Amino acid sequence: MSVVESSAELTAASPVAGPASLDADEQSAKRLGAYLTLPTQILLAFIVIFPLLMELYISFSSWTPLDGKSWVFAYRYWAGLDNYIEVIATPRFWQSIGRTLLLMGVCVPIELLLGLGLAVLFVAEFRGKRLFYSILLIPMMVVPSVAGYMFFMLFQSGGPINSILSTLSGSSVSIAWLSQPTLAMLVVMIADIWQWTPLMFLILLAGLLGVPEDQMLMATLLGAGPWARFWLIVLPRIRRILLIALVIRMIEIFKIFDTLYILTAGGPGISTETISVYIYKITMQELQWSYVATIALIILIVLSAIAVPAIKRFAAAR
């Protein structure tokens, strides 16, 4: 038998793994991965799905802790869609949503513009950059409740802000910042912008640092000015980062609580009461837990309506 014939017989006896074998190996690897992640998936399902189902269940009842029964027996107080109708018909709920949207409409764009401007400045090298960088990030590191107390003290009638205004004007200034609805909301906005502009700055700086230097250099050599380079090269490159920063802050603004509650507690009256403060008061002071569960589900739908299209646009962006 020749060497060629022997080689042919060996090749026929030991077939090479074909596409079917590769598919089987890939499916086996996927099954193994699914088995390994199953405990985590079960835990996440319990953490996310169980509270959601519990909230949905309670929202269709009139149960409260004052009834002396566990939430498990909420079916005894079945109310159908009464809570949803009551929430939609409650002016205070819509007013709190409106104030939250007002904060979003004012604070988020300002934070974005300030963060972008600072990020553009910090892309270049300059003396003392590390020091200024550290100072700029300090507000983001402050606990929100501490930030609220800081601004509460700053804007007292006899506080530093009025003292500075008195010095500048040459006459005594005693503005009741936190006792007037418009001024109180302005203070809340200032506090939020002060604390969360650094987050915008950090996210956008990371995006700007990812812009290729060779493209910027080529555009400069071709005669493009700073604005042209920004609009034609930088902005298209960081649009995903911009979208991420906007979505994060728009969602977070719905959860503003610590700073606002310490500053005004939603006052004077309910003039600065956002949806988070409203939910807290109804939960802890009036103990209307089924009503609050209904509000929480409605807010979940609202936030999903904001976030999902943005995420889809982000996924489709090129």
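Conventions used here
Residues numbered from 1 in each chain as written. Predicted model: local features only at pLDDT ≥ 70, side-chain atom pairs only at ≥ 80, totals over all residues. Heavy atoms only, no water. Salt bridge = Lys/Arg side-chain N within 4 Å of Asp/Glu carboxyl O. Helix = DSSP H or I, 4+ residues; strand = E, 2+ residues; numbered from the N terminus. Buried < 20%, exposed > 50% of the residue type's maximum accessible area, 1.4 Å probe, protein only. Axes fitted to C-alpha atoms, helices over the stretch in contact; angles between N-to-C directions. Parallel < 35°, antiparallel > 145°, perpendicular 65-115°, else oblique. Left-handed = near helix turned anticlockwise from the far one by under 90°. Contact = heavy atoms within 4.5 Å. Nonpolar A, V, L, I, M, F, W, Y, C, P; charged D, E, K, R; others polar. Core = buried A, V, L, I, M, F, W, Y, C linked by side-chain atoms within 4.5 Å.

### Digging into the pattern of salt bridges
Enumeration over the complete set of coordinates arrives at 5 salt bridges. In this structure, Glu-273 engages Arg-92 in a salt bridge whose closest nitrogen and oxygen atoms are separated by 2.7 Å. Residue Glu-273 is located in the loop between helix H11 (258-263) and helix H12 (275-285), and its partner Arg-92 is located in helix H4 (residues 91-123); the two are separated by 181 residues in the primary sequence. Residue classification places Arg-92 among the partly exposed positions, given a relative accessible area of 24%. Put simply, Lys-281 and Glu-273 hold a salt bridge, and the shortest N to O gap is 3.1 Å. Among the charged side chains, a salt-bridge network with shared partners connects Arg-92, Glu-273 and Lys-281.

### Some words on the packing of H4 against helix H5 (residues 129-141)
Two numbers describe how H4 lies on H5: the axes approach to 11 Å, and their chain directions differ by 160 degrees. As summarised for this structure, H4 and H5 are arranged roughly antiparallel, according to the angle between their axes. Relative to H5, the crossing made by H4 is left-handed. Taking contact as the criterion, the partners of Leu-118, Phe-122 and Val-123 in H4 are, on H5, Lys-129, Phe-132, Tyr-133 and Leu-136. Broken down by class, the residue content of the contact of H4 with H5 amounts to 6 nonpolar, no polar and 1 charged.

### Notes on the nonpolar core
Grouped together as the largest cluster of nonpolar side chains are 56 residues, with contacts concentrated most on Phe-93, Leu-103, Phe-254, Ile-275 and Ile-295. When residues of this core are assigned to their parent elements, the largest contribution, 14 residues, is made by helix H8 (residues 181-209). Setting aside its immediate chain neighbours within four residues, Phe-93 contacts Val-87, Ile-275, Tyr-278, Ile-295 and Ile-298.

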